[in-house]
Amino acid sequence: MPHLAVADLTATYPGTDKPVLENVSLEVAKGEIVSLIGPSGSGKSTLLRVLVGLLPPTSGSVRIDGEAIDYTSRRSLKSARDRLAIVFQQYNLFQNMTALGNVTIAPIRIKGWRRPEVEADAARLLAKVGLADKHASYPDQLSGGQQQRVAIARALALKPEILLLDEVTSALDPELVGEVLDTIRVLAADGMTMLIVSHEMGFVREVSSRVVMMDQGSIVETGPPAQVFDAPVTARAREFVSRILRH
Amino acid sequence: MLDRIISEAPRFFTYYNMVFLLEAMGRTLLMTLIGVSLGFVLGFMLDFARRTPGRAWLPLRLAATLYVETFRRIPFLVILFIVLFAIQGFRFSVSLFGVAMIAICVISSAFCAEIIRAGFDSIHQTQWDTAAVMNFGRLQTLRHVVLPQAWRVILPPAFAFMVMFIKDTALASQLGVVELTFAGKVLSTRGFSAILVFGTVLVLYFVLSYPLSRLGGWLERRLAPSRGR
């Protein structure tokens, strides 16, 4: 059974007619890393937003371990959000809290876990993302790359089963991209199930078990990285790949 | 003129006159503190009403918006008279102090609603979204994430407004509320020189408003510590 199964998912932004996602279906197995690529506006990030319930789907289904998420039910959405975590392009750290505060707030206040254990776990996670010495720093005292790594640690502190990464490196200076990608490599080695939206094609090729290419709200091609990048089947995929490889 | 003031001073700074002035000052402070504090709470409710989603809440949204946009634009003195005559019209028995207080609430709630709106607007939607996907409820997000950040934007104008309002309460003297300015007028009509009386009143206004500004600064540092890079 796939860990995450999306079937015929369609979503429309409120007040518009044209769907931003149209009949999207994909499956992610446990421990698999699937990357979403495609031009801007193709619906990659929207798909992640729909998965975590920030944009309700108009039709289709999402299942985690076979269990369907009902996005109209608070309880179902809450349990889905317990199992999924998302890291945003703009990190979205809580500006009023230190790095440690950002990582520990939800486990302590929302989950009700015990503070000593949560803090020990947070220290371990911050060390894992290379920020052992930044516990007391506020977001505005950290570089973009450091903030993004705190955001990853914060997502992991909730012990999610599936991690969604939404263009986590595209807001960063080129020299900071490497440190965040290294962090994701560590997670990949740990066997975390991940769905990644990325423009870092070299990285996508390296870590993904499968690549899903989207265009105008639909999936145009799915396959192992070698196939999608080197021998794309559809004309649209060939065009996109030739365009990105030229750079 | 100075020698006249000096010769008058012992007669002016008597126990009775000082108690009279301090009581008036207390009334000024009370009107401002209670009026603006209540206004602050009402302002939160108004802002909440203006943010209700969907068509079902439209009447509430419109009413709140109309209220805020109207009462921010009417001079305090006019509100005072409207409240006074409305209360008299309905034959309620409310003291003049009460009338002034209601008028202050009306104005300060409208202004505070705007100040609070600006504070909440300064917090990006992504902070709400991020908290939501971590299973924060709306109130939990408000308490742990949004308010701590919004204070930084809300507090300075809120205290500036309160300090400004200490001065505006002088208009309540027009109704006959014995606040600081009215007390000055009374003493001045008793024959004390206006410079002496209103000079003292001036000092008392300063004594009222300066600590409030300091309190605002202290709260700001406590609730919204600024961290330069």
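Q: What's the story with the overall build of chain A in this structure? I'm lost.
A: Looking only at helices and strands, chain A features 9 helices and 10 strands. Rg of the C-alpha trace for chain A: 18 Å, near the compact-globule value of 18 Å for 247 residues, within the 12% margin. Taken along its principal axes, the extent of the C-alpha atoms in chain A is 55 × 45 × 35 Å. Looking at chain A as a whole, 45% of its 247 residues qualify as buried. Restricting to contacts in chain A with at least 6 residues of sequence separation, those with at least 24 account for 65%.

Q: Where do I start with the confidence of the model for chain A in this structure?
A: If pLDDT is low for a region, its predicted coordinates should not be looked at in detail. When the pLDDT values of chain A are averaged, the result is 91; 99% of them are 70 or greater. At the low end of the mean pLDDT range in chain A sits helix 9 (residues 235-246) of chain A, at 83; at the high end sits helix 3 (residues 99-110) of chain A, at 95.

Q: Whenever I open this one, the interface of chain A and chain B confuses me. Can you help?
A: Many analyses report the size of an interface as the accessible area lost when the parts associate. Taken residue by residue, the interface counts 20 residues in chain A and 15 residues in chain B. If you list the elements that add at least two residues to the side of chain A that touches chain B, you get helix 2 (74-83) and helix 3 of chain A. The element contributing the most residues to the side of chain A that touches chain B is helix 3 of chain A, with 4 residues. Tallied by class, the residues present in the side of chain A that touches chain B amount to 10 nonpolar, 5 polar and 5 charged.

Q: Would you take a moment to explain the pairing of strand 4 (residues 59-64) of chain A for this structure?
A: In regular strands, side chains alternate between the two faces of the sheet. Residues and elements named next belong to chain A. As paired elements, strand 1 (residues 4-11) and strand 4 share 5 bridges and run antiparallel to each other. When the bridges of strand 4 are listed, Ala7 appears paired with Ser61. Taken together, the 2 bridges between strand 4 and strand 5 (residues 67-68) define a ladder with antiparallel strand orientation. Bridge pairing in strand 5 links Ile64 to Glu67. Taking the residues that link successive antiparallel strands as the turn, the strand 4-strand 5 hairpin has 2 residues, and the phi of Asp65 there is positive, at about 50°.

Q: Looking at this model, I keep getting lost on the nonpolar core. Mind explaining?
A: Generally speaking, nonpolar side chains in soluble globular proteins are found buried as a group. Ranked by size, the top nonpolar core spans 129 residues in total, and within it Ile86, Leu164 and Leu195 of chain A together with Ala103 of chain B carry the most contacts. With 14 residues, helix 5 (residues 96-121) of chain B is the single largest residue contributor to this core. Ignoring anything within four residues of it in the chain, the contact list for Leu195 of chain A reads Leu4, Val28, Val34, Leu36, Leu48, Ile162 and Leu164 of chain A.

Q: Sorry, what's going on with the sheet that holds strand 1 of chain A here?
A: In a beta sheet, neighbouring strands pair by backbone hydrogen bonds and run either parallel or antiparallel. Residue and element names in this part refer to chain A. Strand order in the open sheet made by the 4 strands is 2-1-4-5, with antiparallel pairing throughout. Of all the strands in the sheet, just strand 2 (21-28) and strand 5 have a single pairing partner and so form its edges. On top of the sheet, helix 1 (residues 44-51) reaches strand 1, strand 2 and strand 4; it is set at about 75° to strand 2, its chief contact.

Q: I tried to follow the sheet that holds strand 10 (residues 218-223) of chain A on my own but got confused; where do I start?
A: Residue and element names in this part refer to chain A. If you trace the 6 strands from one edge of the open sheet to the other, you get 6-7-8-3-9-10, paired in mixed fashion. Since the sheet does not close on itself, it has two edges, and those belong to strand 6 (84-87) and strand 10, each with one partner. Taking the axes of each pair of neighbouring strands and ignoring which way they run, one obtains an average angle of 20° across the sheet. In this sheet, strand 8 (residues 193-197) lies alongside strand 7 (residues 162-166) in parallel orientation, the contact comprising 5 bridges. Among the inter-strand pairings, Leu165 is bridged to a residue of strand 8, identified as Ile196. On top of the sheet, helix 5 (residues 144-157) reaches strand 6 and strand 7; it is set at about 175° to strand 6, its chief contact.

Q: What's the story with the packing of helix 7 (residues 138-168) of chain B against helix 9 (residues 194-223) of chain B in this structure? I'm lost.
A: All names here are of chain B. Where helix 7 contacts helix 9, the axes come no closer than 10 Å and their chain directions differ by 175°. When the axes of helix 7 and helix 9 are compared, the pair comes out roughly antiparallel. Residue-level contacts link Trp151, Leu155, Pro156, Phe159, Met162, Val163, Ile166 and Lys167 of helix 7 to Tyr205, Leu208, Ser209, Leu212, Ser213, Gly216, Leu219, Glu220 and Leu223 of helix 9. Tallied by class, residues from the contact of helix 7 with helix 9 come to 12 nonpolar, 3 polar and 2 charged.

Q: What exactly am I supposed to notice about the environment of Thr10 of chain A here?
A: All names here are of chain A. In this structure, Thr10 sits in strand 1. Overall, Thr10 belongs to the partly exposed group, with 17 C-beta atoms counted inside 10 Å. C-alpha separation for the pair Thr10 and Leu176, spaced 166 residues apart in sequence, amounts to 35 Å. Non-local contacts of Thr10, meaning those with residues more than four positions away in its chain, are made with Pro19, Leu21, Glu22, Asn23, Pro57, Thr58, Ser59 and Gly60.

Q: In this structure, what is going on with the environment of Pro14 of chain A? I would like to understand it.
A: Residue and element names in this part refer to chain A. Residue position: Pro14 is located in the loop between strand 1 and strand 2. What makes Pro14 exposed here is the crowd of 6 C-beta atoms within 10 Å. Residues Pro14 and Ser198 lie 184 residues apart in sequence; the distance between their C-alpha atoms is 26 Å.

Cut-offs applied
- Every chain is numbered independently, its residues counted from 1 as its sequence is written.
- Whichever chain is written first is A, and whichever ligand is written first is 1; the rest continue in order.
- This being a predicted model, a pLDDT of at least 70 is required before a residue's local features are given, and a value of 80 or more before pairs of side-chain atoms are given or counted; all residues contribute to the totals for chains, interfaces and linings.
- To qualify as a helix, a DSSP run of H or I must reach at least 4 residues; to qualify as a strand, a run of E must reach at least 2; elements of each kind are numbered from the N terminus.
- The reference for a compact globule is 2.2 Å times residues^0.38; the radius of gyration itself is calculated from the C-alpha atoms.
- Note on burial: count the other C-beta atoms lying within 10 Å of the residue's C-beta; 20 or more is buried, 12 or fewer is exposed, in between is partly exposed, and C-beta positions come from the backbone.
- This entry defines residue contacts through backbone-placed C-beta atoms, with two residues in contact when those atoms are within 7 Å.
- Known as pLDDT, the predictor's per-residue confidence is scaled from 0 to 100.
- By the convention adopted, Pro, Cys, Tyr, Trp, Phe, Met, Ile, Leu, Val and Ala count as nonpolar, Lys, Arg, Asp and Glu as charged, and the other residues, Gly among them, as polar.
- Criterion used throughout: strands pair if DSSP finds at least two bridges between them.
- The term nonpolar core refers to a group of buried residues, namely Ala, Val, Leu, Ile, Met, Phe, Trp, Tyr and Cys, whose C-beta atoms join them within 7 Å.
- Between N-to-C directions, angles span 0 to 180 degrees; the directions come from axes that are lines fitted to C-alpha atoms, helices contributing only their stretch in contact.
- Angular relationships are summarised with four words: roughly parallel below 35 degrees, roughly antiparallel beyond 145, roughly perpendicular across 65 to 115, and oblique for the angles in between.

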